[in-house]
Amino acid sequence: MKAVMLALAMTTAPALAEDWPSAQWPVDNAVINWQAVDTYAFAPRDVERVGIRTDALLIIRDGRILHERYAAPTNADTAHLTWSVSKSVLATVMGVAYSEGRFKLDDPAARYYPALQRHPGLRLADLLHWASGLAWQEDYEYAPLKSSVVAMLYTRGRTDMAAYAAARPAASAPGTQFVYSSGDSNLLAASLRGMLAPERYADYPWQALFTPLGIDSAVWERDGAGTYVGSSYLYLSARDLARIGLLVQRDGRWREQQLLPAEWVAFNRTLFSAAQPVPGEANPGGHWWLNQPLPGQAVPWPDAPTDTFAALGHWGQALYVLPAQKLVIVRYADDRDGSFSHNELLKRVLAAVVGQGA
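Sequence order as written defines residue numbering, which begins from 1 separately in each chain. Where local features are concerned, this predicted model is filtered to residues with pLDDT of at least 70; where side-chain atom pairs are given and counted, the filter is 80 or more; whole-chain, interface and lining totals use all residues. To obtain the side-chain values, all non-hydrogen atoms of the structure were used and water was disregarded.

- The protein chain is annotated in an unreviewed UniProt entry as Beta-lactamase family protein of Pseudomonas maumuensis.

This is the structure we're talking about:
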């Protein structure tokens with residue numbers, strides 16, 4: 001009997017020893033030399049808005065703050081615009097809906113958003129892979145007159161962004177080609193709305209995700225039709241975004257609750273192999289970005305572990321998750337010229353942590 005009790009204690013001890021944030025994050029007081037990291041991330045700012053312009057850098061190890069730095073006016077309480085990091089947070093909210101049995105991945109999206117009835121073969125899984133097959137042009141500053149995303153967010157599509165995306169013509173069969181599309185993300189937001197009773201939609205991201213995680217900084221804008229702009233317009237503090245990172249780093253578990261099914265996190269982290277490689281760019285999973293190589297190709301970020309995955313946004317926003325190292329890294333930024341390298345930052349963070357003997 002004593003042997004059984006000892007074995008039970010040994011199996012339950014790691015869970016009991018886990019650190020979780022409450023109102024505040026616990027702090028890891030390890031002495032680490034962050035000079036190489038901070039020199040890269042917080043280079044002197046140029047008045048011309050060129051170069052690497054980090055607003056916030058937060059590094060969490062196994063549930064504890066390891067390093068944290070901000071550039072004014074951003075601070076620990078600032079709800080920063082996450083841009084397309086919003087997409088992965090939307091996928092996380094949808095993971096809760098999935099756990100509640102509200103949809104299956106193979107369900108036609110038109111079941112929940114009837115404006116897609118002209119595309120009956122389009123599944124929710126295809127939207128989550130950015131593989132709707134709908135014609136789309138995602139350029140911002142470099143092709144504003146032809147940009148689908150600029151039209152959706154700022155001009156003729158802004159009053160009903162999902163309707164704008166749904167009206168795009170088909171360019172390929174659903175599920176056969178990766179084309180990065182903020183329109184696909186807003187179609188997901190509209191599909192989520194169709195899964196819920198009308199009175200539940202407004203509070204659902206909070207009821208499903210933010211409140212259970214203790215997130216209190218969230219602001220999520222809606223379009224003129226009342227649908228969340230799931231592609232772009234979520235604001236969170238760095239510490240609150242890190243809570244979402246810790247949730248997925250621990251396979252969807254938050255304290256004693258399995259908030260996301262482990263199979264949902266596994267889907268998020270499964271490579272959509274019908275993509276074409278872009279040097280230095282992560283590859284698509286289920287509305288998250290992966291460091292896994294496409295068949296026959298190189299690892300996108302060669303100095304980071306291949307199981308690294310991330311939520312990424314315009315102008316350098318990033319949430320990185322390194323499961324084996326138990327690291328969650330949040331970076332907010334105002335990059336404008338493409339000089340920032342995900343690989344370089346991750347290489348320097350890992351070198352600092354390994355150099356400390358972790």
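## Topic: the side chain of Arg331
1) Next: A run of H or I in DSSP becomes a helix once it reaches four residues, and a run of E becomes a strand once it reaches two; helices and strands are each numbered from the N terminus. Looking at the secondary structure, you find Arg331 in strand β12 (residues 327-333).
2) Next: Throughout, exposure labels follow a simple rule: accessible area from a 1.4 Å probe, protein chains only, divided by the maximum for the residue type, with under 20% read as buried, over 50% as exposed, and the rest as partly exposed. Taking relative accessible area as the criterion, Arg331 reaches 0% and is therefore assigned buried.
3) Next: Pairing of N or O atoms within 3.5 Å defines a polar contact, subject to two protein rules: one partner must be a possible hydrogen donor and the other a possible acceptor, and residues neighboring in sequence count only if both atoms are side-chain atoms. A polar contact is formed between the side chain of Arg331 and the side chain of Thr54, at a distance of 2.9 Å.
4) Next: At 3.1 Å, the side chain of Arg331 forms a polar contact with the backbone oxygen of Gly316.
5) Next: It only takes one pair of heavy atoms within 4.5 Å for two residues to be counted as in contact. Excluding anything up to four places from it in sequence, Arg331 contacts Ile52, Arg53, Thr54, Ala56, Leu57, Gly316, Gln317, Ala318, Phe340 and Leu345.

## A closer look at the packing of helix α3 (residues 85-99) against helix α7 (residues 182-195)
1) Next: At a closest axis distance of 11 Å, the pairing of α3 and α7 adopts a crossing angle of 25°. In terms of their interaxial angle, α3 and α7 are classed as roughly parallel. Judged by the twist between their axes, the crossing of α3 over α7 is left-handed. Counting all contacts with α3, which are made through Lys87, Leu90, Val93, Met94 and Ala97, the residues of α7 involved are Ser182, Ser185, Leu188, Ala189, Leu192 and Met195.
2) Next: Three classes are used, and their members are as follows: Ala, Val, Leu, Ile, Met, Phe, Trp, Tyr, Cys and Pro are nonpolar, Asp, Glu, Lys and Arg are charged, and the others, Gly among them, are polar. Residues that form the contact of α3 with α7 fall into these classes: eight nonpolar, two polar and one charged. Angular values range over 0 to 180 degrees, each being the angle between N-to-C directions of two axes fitted as lines to C-alpha atoms, with helices fitted over their stretch in contact. Put simply, angles under 35 degrees are roughly parallel, angles over 145 are roughly antiparallel, angles from 65 to 115 are roughly perpendicular, and the rest are oblique. What makes a crossing left-handed is the near helix being turned counterclockwise from the far one by less than a right angle; a clockwise turn instead makes it right-handed.

## What about the sheet that holds strand β1 (residues 54-61)?
1) Next: Note on pairing: two strands pair once DSSP finds at least 2 bridges between them. Reading across from one edge, β2-β1-β12-β11-β10-β9-β8 is the order of the seven strands in this open sheet, with antiparallel pairing throughout. The open sheet has two edge strands with one neighbour each: β2 (64-70) and β8 (283-284).
2) Next: Looking at chain direction, β8 and strand β9 (residues 289-290) are connected through two bridges and run antiparallel. Across the sheet, the residue bridging to Pro284 is Trp289, located in β9.
3) Next: Strands β10 (309-313) and β11 (317-322) of the sheet are contacted by α3, whose axis makes an angle of about 130° with β10.
4) Next: Packing of helix α9 (residues 238-249) onto the sheet brings it into contact with β1, β2, β10, β11 and β12, and relative to β12 it is tilted by some 145°.

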